[in-house]
Amino acid sequence: VQLQASGGGLVQAGGSLRLSCAASGRTFSRYSMAWFRQAPGKEREFVTVIRGSSNIIYYAESVKGRFTMSRDNAKNTIYLQMNSLKPEDTAIYYCAATATAILCTIRESTSYHHWGQGTQVTVSS
């Protein structure tokens, strides 16, 4: 699976952005798809995931209620709608995919075998 993320940019606090991640491959619907982010000087952190088997979505507490994950299997694409953005949301956002994630490790970056190139999100105060 190859992943291509897009949609990042510069936005003022309180604004919105929508990220997209297009995937190659015919078995897209089977993959759990996630977004991670990495701010300068910080470790990569989990943002959200949608499971391939059930389409159940999990969010990090820091984005719950503001970010919405979705997927379109017909287009092999996932989306991250980000509302009420805060300066602390500034980071490079990466999409990731795995066919083998289990629930107890689905928030860990090491569970993912395929990564997109990242897209920069900058939120100004």
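Residues numbered from 1 in each chain as written. Predicted model: local features only at pLDDT ≥ 70, side-chain atom pairs only at ≥ 80, totals over all residues. Heavy atoms only, no water.

Summing up its helical and strand segments, the protein chain has 0 helices and 11 strands in all. For the protein chain, the N- to C-terminal ordering of α and β elements is β-β-β-β-β-β-β-β-β-β-β. Relative to the compact-globule value of 14 Å for 125 residues, the protein chain shows a C-alpha radius of gyration of 13 Å, a close match. Counting over 125 residues, the protein chain shows a buried share of 46%. Excluding contacts between residues fewer than 6 apart, the proportion of contacts in the protein chain whose partners are at least 24 apart in sequence is 58%. Put simply, the protein chain shows about 6,400 Å² of open surface, and 48% of that area lies on carbon and sulfur atoms. Looking at charge distribution, the protein chain has the averaged site of its 13 positive side-chain charges lying 9 Å from that of its 7 negative ones. (Helix = DSSP H or I, 4+ residues; strand = E, 2+ residues; numbered from the N terminus. Rg over C-alpha atoms; globule rule 2.2 N^0.38 Å. Buried < 20%, exposed > 50% of the residue type's maximum accessible area, 1.4 Å probe, protein only. Contact = heavy atoms within 4.5 Å. Areas by Shrake-Rupley, 256 points an atom, 1.4 Å probe, with all protein chains shown as cover. Lys, Arg positive; Asp, Glu negative; His and termini not counted. Charge placed at Lys NZ, Arg CZ, Asp CG, Glu CD.)

Across all of its chains, the model carries 1 disulfide by this definition. With a sulfur-sulfur separation of 2.1 Å, C21 is cross-linked through a disulfide to C95. Its torsion about the S-S bond being 65 degrees, the disulfide of C21 and C95 is classed as right-handed. Of the two residues, C21 sits in strand β3 (residues 17-23) while C95 sits in strand β9 (residues 91-98), which places them 74 residues apart along the sequence. Residue C21 is classed as buried on the basis of its relative accessible area of 0%. (Disulfide = S-S within 2.5 Å.)

Let us look at the packing of aromatic side chains. Counting across every chain of the model gives 5 aromatic pairs. Judged by centre distance (6.4 Å) and plane angle (80 degrees), the ring pair of Y94 and W115 falls under edge-to-face. Here W115 lies in strand β10 (residues 114-115) and Y94 lies in strand β9, a separation of 21 residues in the sequence. Summarising the aromatic geometry, the rings of Y112 and W115 are spaced 6.3 Å apart at their centres and angled 70 degrees between planes, so their arrangement reads as edge-to-face. The ring of W115 has R44 lying over it, and the distance from NZ or CZ to the ring centre is 4.7 Å. We note R71 situated over the ring of F28; from NZ or CZ to the ring centre the distance is 4.7 Å. (Phe/Tyr/Trp six-rings, centres within 6.5 Å; stacked < 30°, edge-to-face > 60°. Lys NZ or Arg CZ within 6 Å of the ring centre and 35° of its normal.)

This next bit is on the nonpolar core. Counting residues in each nonpolar core, the largest one holds 38 residues, and the members touching the most others are M33, W35, F67, I78, L80, M82 and Y93. The greatest single-element share of this core, amounting to 5 residues, is contributed by β9. (Core = buried A, V, L, I, M, F, W, Y, C linked by side-chain atoms within 4.5 Å.)

Spatial strand order, β1-β3-β8-β7: 4 strands in an open sheet with antiparallel pairing. Of all strands in the sheet, those bounded by a partner on one side alone are β1 (3-6) and β7 (67-72). With direction set aside, neighbouring strand axes in the sheet form an average angle of 15 degrees. Direction of pairing for β3 relative to strand β8 (residues 77-82): antiparallel, over a ladder of 6 bridges. Among the inter-strand pairings, A22 is bridged to a residue of β8, identified as T77. (Pairing = 2+ DSSP bridges. Axes fitted to C-alpha atoms, helices over the stretch in contact; angles between N-to-C directions.)

No statement about biological role is implied by the geometric values presented.
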